[in-house]
Amino acid sequence: MRLYQFGKLGSLDALQMKEAEVPQPGAGQVVVRIRACSLNHRDLNIVSGTYTSLPIKPGAIPLSDGAGEVAAIGPGVTRWKVGDRVAPIFVQRWLGGNLLPEYMPSALGGPSDGVLAESIVLSEEGLVRIPSHMSFEQAATLPCAAVTAWNAAFVKGQLQPGQTVVTLGTGGVSLFAAQFASMTGAQVIATTGSDEKVERLRGLGAGEVVNYRTTPDWDRRVRELTGGRGADLVVEVGGPGSLARSISAIRYCGHISVVGNLAGKATIDPGTLFAKRASMCGIQVGSRDMFEAMNRAIEVAKLEPVIDRVFDFADARAAYEHLASGKHFGKVVIRVS
Ligand SMILES: NC(=O)c1ccc[n+]([C@@H]2O[C@H](COP(=O)([O-])OP(=O)(O)OC[C@H]3O[C@@H](n4cnc5c(N)ncnc54)[C@H](OP(=O)(O)O)[C@@H]3O)[C@@H](O)[C@H]2O)c1
């Protein structure tokens, strides 16, 4: 079978396609024939050598997100049978409850082997069933971006119907957050740096769209659009460079789910958070329990993930380049087989 492995990190030259033996399942393990993978911003950071949260071992298989079918089961497996349509969970050991630091080395695509391979082997515990209406390409978009958005909006964010959420930019996490919010009757104010993406955001259910380049004080616009009250929740992917504006955009006792750091470094004054009696918390994707709860909601709503472009397995490098260009709207997918 074919797989990719990391060579020396630092550039896309680190992506090396190789031939390998198809893995065999041990006790409690399953082999998944991967049919599609998708990319996340983190994968760009890993390959460029700028990802510092966890050590990435040389020779690891890239990418956390994929979907496929169970091809073989090892002794003692009870959760799955051959042919089941599945996706791996991002942090393999985080099944439910609170995240513990000792779970983090089991994150796929670094430090643990990921999914950019024709077949992978995982613990039977580290998989969920994919929504029945989805293709493998659609389901491959779920494990990181969608679960992160679910956690940020509904678990930590406690978003309710009728409330207002702000999403930043049109990356994978933000579009899922906008789709989930509108699916449950919340009001979405979306931002983007690109006028061409405005109508597409409206098509996904965003009631209002603000261009953060032409309206850099988008926090003021959010307050105007909410009658001076402010938004209930911001799903924050901008990070240090936009946090101060997010604090300014939320209502008294509002919440910020801190997901990413696209917008670089800046300092914030904790007093501004205190003045609003607001809360802020960091998000790490989500547990298997969250993934399963999300899939139930997705199945009921027949939600369709937004796929920007699908690349062939041999063109993985071009898929990374496309994500890095920032021209995408939604998920960049690699078809495996
Ligand atoms: N904590 C976690 O568990 C977790 C999980 C997933 C992702 N993340 C993080 O969340 C962030 C987003 O990830 P992703 O995979 O969704 O990203 P992505 O698909 O690469 O999308 C990035 C998009 O964000 C927008 N953007 C770029 N620079 C921006 C800026 N300065 N301010 C506001 N928006 C900006 C752009 O949209 P426009 O063209 O529309 O402006 C861009 O297309 C990354 O920092 C990632 O590492 C964290």
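Keep in mind the model is a prediction, meaning the values are calculated, not measured. (Residues numbered from 1 in each chain as written. Predicted model: local features only at pLDDT ≥ 70, side-chain atom pairs only at ≥ 80, totals over all residues. Heavy atoms only, no water.)

1. As for the overall build of the chain
Put simply, the rule reads: Secondary structure counts use DSSP, requiring at least four H or I residues in a row for a helix and at least two E residues in a row for a strand, with both numbered from the N terminus. In this description the radius of gyration comes from C-alpha coordinates, and the expected globular size is given by 2.2 Å times residues to the power 0.38. Contact between two residues is taken to exist if any of their heavy atoms lie within 4.5 Å; hydrogens are not considered. Areas reported here follow the Shrake-Rupley algorithm with a probe of radius 1.4 Å; residue values treat only the protein chains shown as occluding. The charge count includes Lys and Arg as positive and Asp and Glu as negative, but it does not include His or the ends of the chains. Here the site of a charge means NZ on Lys, CZ on Arg, CG on Asp, or CD on Glu.
The secondary structure content of the chain amounts to 10 helices and 15 strands. Against the 2.2 N^0.38 benchmark of 20 Å for 337 residues, the chain shows a C-alpha radius of gyration of 20 Å, consistent with a compact globule. Overall, the C-alpha framework of the chain stretches about 60 × 40 × 35 Å when taken along its three principal axes. For the chain, the proportion of contacts with a sequence separation of at least 24, taken over those separated by at least 6, is 69%. Split by element, the accessible area of the chain, about 13,800 Å² in all, is 52% carbon and sulfur. Distance between charge centroids for the chain: 3 Å, based on 34 positive and 31 negative side chains.

2. Section: unusual backbone geometry
Spelled out, the test is: Three exposure classes are used, based on accessible area relative to the maximum for each residue type with a 1.4 Å probe and protein chains only: buried under 20%, partly exposed in between, and exposed over 50%.
A cis amide bond links Gly 110 with the next residue in sequence, Pro 111, at an omega value of 0°. Topologically, Pro 111 is positioned in the loop between β5 (85–88) and β6 (119–123). We note that Gln 158 has phi near 50°; this positive angle belongs to a residue other than glycine. For Gln 158, the location among the structural elements is in the loop between α3 (142–155) and β8 (164–168). Residue Gln 158 is classed as partly exposed on the basis of its relative accessible area of 48%. Of note, the phi angle at Val 285 is positive, near 30°, even though the residue is not glycine. Residue placement: Val 285 occurs in the loop between β13 (279–282) and α9 (288–301).

3. Topic: the packing of α3 against helix α4 (residues 172–183)
We count it as follows: Fitting a line to C-alpha atoms yields each axis, with helices limited to the stretch in contact; the angle taken between N-to-C directions then spans 0 to 180 degrees. By definition in this entry, angles of less than 35 degrees are roughly parallel, angles greater than 145 are roughly antiparallel, angles of 65 to 115 are roughly perpendicular, and the rest are oblique. Each crossing is labelled by how the near helix is turned from the far one, with a counterclockwise turn of less than a right angle marking it left-handed and a clockwise turn marking it right-handed.
Two elements in contact, α3 and α4, have axes separated by 8 Å at closest approach and are oriented at 50°. Accordingly, the angle class assigned to the pair α3 and α4 is oblique. Our pair here, α3 against α4, has a crossing hand that is right-handed. For the pair α3 and α4, the contacting residues are Leu 142, Ala 145, Ala 146, Thr 148, Ala 149, Trp 150 and Phe 154 in the first and Gly 172, Val 173, Phe 176, Ala 177, Phe 180, Ala 181 and Met 183 in the second.

4. Some remarks on the side chain of Thr 167
Tracing the chain through its elements places Thr 167 in strand β8. Look at Thr 167 and you get buried, because its relative accessible area is 1%. With sequence-adjacent residues up to four places away left out, Thr 167 is seen in contact with Ser 174, Ala 177, Ala 178, Val 188, Ile 189, Ala 190, Thr 191 and Val 235.

5. As for the sheet that holds strand β10 (residues 208–211)
Put simply, the test is: Strands are treated as partners if at least two bridges between them are detected by DSSP.
With parallel pairing, the 6 strands of this open sheet are ordered in space as β10-β9-β8-β11-β12-β13. The sheet terminates laterally at β10 and β13, the two strands that pair on one side only. Across the sheet, the mean angle from the axis of one strand to that of its neighbour is 15°, orientation sign disregarded. Judged from the 5 bridges that link them, β8 and strand β9 (residues 187–192) form a sheet pairing that is parallel. Paired with Thr 164 across the strands is Gln 187, a residue of β9. Most of the contacts of α4 go to β8, to which it runs at about 160°, and overall it touches β8, β9 and β11 (231–236).

In short, geometric facts, not functional conclusions.
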